[in-house]
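# Residue-level structure breakdown
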Amino acid sequence: EEYARVFHPAEDNKGRGTVRWSEVAAWSGRSVHTEMQWEAIRQPVCPSLAPKPWRTEPLLGRCPREVLIPLTELLSVHTTTPQRCWVCFWEGFAGINEAIQRINEVVPRIQLPDRAYYLLNIPLDKIAKGVFINKYGLEPPSPSLWWPDDRAWCIATEIDFRWTYVGGSQVCIHELLADTRLEDLATKPEHRGDYASD
């Protein structure tokens, strides 16, 4: 029924927490709007003596745990099948092929336009904990697409984006937008998500 765009936070300039896109936009003199892009809001309108508020940019193509944890908690009450969720991992993630090979079952692959994914069935609470352990100490990949068996909602994190889309019921999306742990805005399918949209 409705959609939200959940922004991945950046790491703050002290390395002790996160900084929201709205804080970066306030620093740069840019506007917060549905189609805003990180590359645009991080560029100051006028030269500023104030230091930039971030050190590390938001994750690209992976939903960070700071978002996954509250997101999965909120979505768990909007499905009747939290123990059975479908997750798709993009086959191009570093180490994903090795991780899939360690699973003692056949993992199907699905092909969508321009992307191929591994499809797994797992409980919702495992998504925030991390489906795979990364032996290199890097942020493990989050699912690119995931939804519960009852199809009450659907999540998409495109590998070239610094945000995650959520589609669900009106009640679900309104609760998501009201959750102060997340930075998000309502969006629509016709809203652009490319660099030139901001």
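Residues numbered from 1 in each chain as written. Predicted model: local features only at pLDDT ≥ 70, side-chain atom pairs only at ≥ 80, totals over all residues. Heavy atoms only, no water.

## Let's talk about helix 3 (residues 65-76)
Here helix 3 is 12 residues long and its end C-alpha atoms lie 16 Å apart, about the 16 Å a rise of 1.5 Å per residue gives. Buried within helix 3 are the following residues: Val67, Leu68, Pro70, Leu71, Thr72, Leu74 and Leu75. Buried residues belonging to helix 3 abut strand 1 (2-7), helix 5 (124-129), strand 8 (145-148), strand 9 (154-156), strand 10 (163-168) and helix 6 (170-178). (Helix = DSSP H or I, 4+ residues; strand = E, 2+ residues; numbered from the N terminus. Expected span 1.5 Å × (residues − 1). Buried < 20%, exposed > 50% of the residue type's maximum accessible area, 1.4 Å probe, protein only. Contact = heavy atoms within 4.5 Å.)

## Focus on the state of the cysteines
Throughout the structure, instances matching the rule amount to 0 disulfides. Cysteine Cys85 shares no disulfide, and the gap to the nearest cysteine sulfur, in Cys154, comes to 11 Å. Classification of Cys85 as buried rests on a relative accessible area of 0%. Free cysteine Cys172: the closest other cysteine sulfur is in Cys154, separated by 11 Å. (Disulfide = S-S within 2.5 Å.)

## Describing the pairing of strand 10
Side chains on a regular strand alternate between the two faces of the sheet. For strand 10, the buried fraction is high: 5 of the 6 residues fall into the buried class. In this sheet, strand 10 lies alongside strand 1 in antiparallel orientation, the contact comprising 6 bridges. Residue pairing for strand 10: Glu2 is matched across the bridge by Gly168. Across 3 bridges, strand 9 lies against strand 10 in antiparallel orientation. Directly across from Ala156, in strand 10, lies its bridge partner Tyr165. What sits between strand 9 and strand 10 in their antiparallel hairpin is a turn of 6 residues. (Pairing = 2+ DSSP bridges.)

## Remarks on the pattern of salt bridges
This structure, assessed with the given rule, holds 11 salt bridges. The salt bridge partner of Arg55 is Glu11, with a shortest N-O separation of 2.8 Å. With Arg55 in strand 4 (residues 54-56) and Glu11 in strand 2 (residues 10-12), this pair connects stretches of sequence that are 44 residues apart. Asp160 is paired through a salt bridge with Arg115; the nearest N and O atoms lie 3.2 Å apart. Note that Asp160 is positioned in the loop between strand 9 and strand 10 and Arg115 in strand 7 (residues 115-122), a separation of 45 residues in sequence. Relative accessible area serves as the criterion here: at 17%, Arg115 is assigned to the buried category. Three or more residues joined by partner-sharing salt bridges are found here, namely Glu39, Arg42, Glu57 and Arg162. (Salt bridge = Lys/Arg side-chain N within 4 Å of Asp/Glu carboxyl O.)

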